[in-house]
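A closer look at the structure
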Amino acid sequence: MTLTIVALLPGLQNTNGDAESAAVLARRAEWAGLDARVVAVDDRGGLPDRVDAIVLGSGSDSSLETSRAALLTMHDELRAWGTEGVPILAVGTGWELLSWGIERPDGSGIEGLGILPGRAVPSRGRVTGDLVIASPRFGTLVGFENHARDYVGAEGSPLGRVRAGRGNGRDSGQEGVVMGSVIGTHLHGPVLAKNPSFADQLLGLAATRAGLDYAPGARAAIVDGYAAAAREAQIGAARAAASVTDA
Amino acid sequence: MRYAPAILVGRCVRFAARLRKPGGGSAVPGLIVNRIAPGYLKRTLSGFPQGLVVVSGSSGKSTTTKMLVAILRAHGVDVFTNPSTANISQGLTSALLERADWRGRVPGDVAVLEMDEGHGALVMQGVDARVVTLLNVMVDQIDRFHDSDMVARMLARIAARAHESIVVNADDAYLERIAEQAGPDVAVHRFGVSDAVLQAAPRGLGYTETTRARLAADAGVRVEAVAGDTAVLGDRGASVEIRLPARGTHYAVDAAAAYATARAVLGERFSETTAADAVSAIPAVFGRGERVRVRGHDVEFVLVQNPASYQLNVDSIEPGTEQILFAMGSDVRDPSYFWPTDASALGRVAIVSGSKAHEAALMLAYDGVDIDRVEPDLARALDDFLAAPAPKSGVKTIVFTADAMRRTRAHLGLTGAE
Ligand SMILES: [Zn+2]
């Protein structure tokens, strides 16, 4: 039994290296002694028969329409996997495309796939910086945010509370959205590498569905040591930046 | 005369800055002149008799500018150019002041400026360029440039300042779209690589979006072949052989860009052989595959500037190189955009260092690289790395980002090149 991790539209949706989270899941599975593979999927025809986890990263605004069209061909599958409990991690514009929709500054909009509640609305300026959140389910999550839109309508089920950074914005004090096993977040890049407990919970879900046992391997313990030190540095920097702003 | 007082103040400040920090060029004089004579930069840049040439893009600006200046000088042209660190308006003004007479006039026939894609659009406001050369659009420094759309928008604004011609990389789809916007009076010159060269690059050219079709042989300056540190440029049916400052297809592309730009600037005066000789005479650049003798060891230095150069450089490190020090510094604000690269070819790294050591170690570990030690203190890492006995295979190799390179050079007392 091989765990199949799908990286959705990695050509278009990998601006911040978010699609690499698929590889992170596969590596951790291998370190735990499980077989795992990453399948890059650009359209419905490329979908494997079995899917154990999905990662959809962030792209440029100029590719929103193209990415949306590609995702629409897999609308039924995505919806079904979401309800069946397949872990789906969607980041940045990938998350926005799975929402109710995206509002542009000129008032026009892009309809989303409606798999996650809420929608993306223009924010006053681009937000880039460290983002630290406290998630009741996944613990303290650390990463980098890079987005030009806020997110509204996720109040009922955010991923966590913002400790440093902006997150969903509009004074919500919240970051991300969760619907069962479908997760949307502004945390970019190596979010699963830097937050190993987050990765392990998603892998746990995938493994259980596949009838497998997952427990992090010995190699993971060493690598998670690097993650812990990187997290500590980033939390420290975010805290210092926050106290400067407060002063 | 209108700028004389401002120039005088700027020079006094420069002199004072020098006293405090010998040999150090400073942006402060430029800052002050910009404040008291805001039109100085614009007027001076627009005042060169043979015009202003601007080189911008995500990667390769310094090398291309260096090559272009060498070609123009070899043709007897008096060139003003900026050091690569001085490409925001204060630094640029300071660089101009270095050469200015008491009235603020800067001698030279032509100015060739390397322009940061972020600051360029701002600096170029109201400035008239004769030729603008655009190299590529790559993912880089997402904290500054967010995404490729943003970089392309900034480059389009720089290109819009060209009144005679723009020179674009025909393999870069973003730049081809900018070229389509060029006005009817603006000529478009192109450079690119042949199909064979692209096929030989296992991971492509590193551009965010590569065009589907290659440049036709007669449609511009084309890299026909790359072998080690030599390349052949195809130019109007002629094959021009050149030597590169280091191995790598991207240096050949930089050379093609410089060559095509020089042709656009010089017109009838351009000579293929003069250009080829000038490019070939450029010495190897520190931190780009150069070998230096340090503390009794041959050490190879590899500079990582962006994901594309990272991938190219990692792939070109001799397989089985036993001792590698990998240092990532604070210039990489957040390394997310480096994650799509694949460093598995390194196999094993002896020490990971720099202020972003743990971020770098995390990335390398997920690429399957074994790491012997993580030591964020770069000075200690360098000392221990160089104190270890010579490797049985390969040379000691130091891979670093720009900030880590500066600290490494300072710690090891290396000066000279650049
Ligand atoms: Zn990687």
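Residues numbered from 1 in each chain as written. Chains lettered and ligands numbered in written order. Predicted model: local features only at pLDDT ≥ 70, side-chain atom pairs only at ≥ 80, totals over all residues. Heavy atoms only, no water.

On to the coordination of the zinc ion, then. Bound to the zinc ion on the protein side are Trp339 of chain B (O), Thr341 of chain B (O), Asp367 of chain B (OD) and Asp367 of chain B (OD), at distances that span 2.2 to 2.8 Å. Relative to the metal, the 4 donor atoms surrounding the zinc ion lie at angles of 49 to 158°, and the coordination shape comes out irregular. (Donors = N, O, S within 2.8 Å, 3.2 Å for Na, K, Ca; no water. Tetrahedral: all angles 85-135°; square planar, octahedral: opposite > 155°, others 65-115°.)

Let us look at the interface of chain B and chain A. Between chain B and chain A, the residue contacts involve 26 residues of the former and 31 residues of the latter. In this assembly, chain B and chain A are joined by 2 salt bridges. Between aspartate 130 of chain A and arginine 333 of chain B there is a salt bridge, and its shortest N-O distance comes to 3.3 Å. Inspection of the chain B/chain A interface yields 7 residue pairs in polar contact (both at pLDDT 80 or more). Listing elements by their share of the side of chain B that touches chain A, those giving two or more residues are helix H7 (142-145), helix H8 (148-159), helix H14 (357-366) and strand S14 (370-375) of chain B. A per-class count over the side of chain B that touches chain A returns 13 nonpolar, 5 polar and 8 charged. (Contact = heavy atoms within 4.5 Å. Salt bridge = Lys/Arg side-chain N within 4 Å of Asp/Glu carboxyl O. Polar contact = N/O pair within 3.5 Å; in protein donor to acceptor, adjacent residues only side chain to side chain. Helix = DSSP H or I, 4+ residues; strand = E, 2+ residues; numbered from the N terminus. Nonpolar A, V, L, I, M, F, W, Y, C, P; charged D, E, K, R; others polar.)

With that settled, the discussion passes to helix H16 (residues 402-412) of chain B. For H16 of chain B, the set of buried residues is Asp403, Ala404, Met405, Thr408, Arg409 and Leu412 of chain B. Positive phi appears at glycine 413 of chain B, one or two residues downstream of H16 of chain B, with a value of about 65°. (Buried < 20%, exposed > 50% of the residue type's maximum accessible area, 1.4 Å probe, protein only.)

All names here are of chain A. Ordered by their spatial adjacency, 6 strands build an open sheet running S2-S1-S3-S4-S12-S11, and the pairing between neighbours is mixed. Either end of the sheet is taken by a strand with one partner, and the two such strands are strand S2 (35-41) and strand S11 (177-179). The mean angle between the axes of side-by-side strands here comes to 15°, regardless of whether they run parallel or antiparallel. Pairing geometry for S11 and strand S12 (residues 182-185), over 3 bridges, is antiparallel. Residue pairing for S12: methionine 179 is matched across the bridge by valine 182. (Pairing = 2+ DSSP bridges. Axes fitted to C-alpha atoms, helices over the stretch in contact; angles between N-to-C directions.)

Below, the discussion takes up the domain arrangement of chain B. Residues and elements named next belong to chain B. In terms of domain boundaries, chain B breaks down into domain 1 (4-281) and domain 2 (288-411). If you look at the interface, domain 1 gives 14 residues, while domain 2 gives 15 residues. There are 0 salt bridges connecting domain 1 and domain 2. Linking domain 1 with domain 2 are 1 residue pair in polar contact (both at pLDDT 80 or more). Contributions of two or more residues to the side of domain 1 that touches domain 2 are made by H7 and helix H11 (249-266). (Domains from an automatic or database assignment.)

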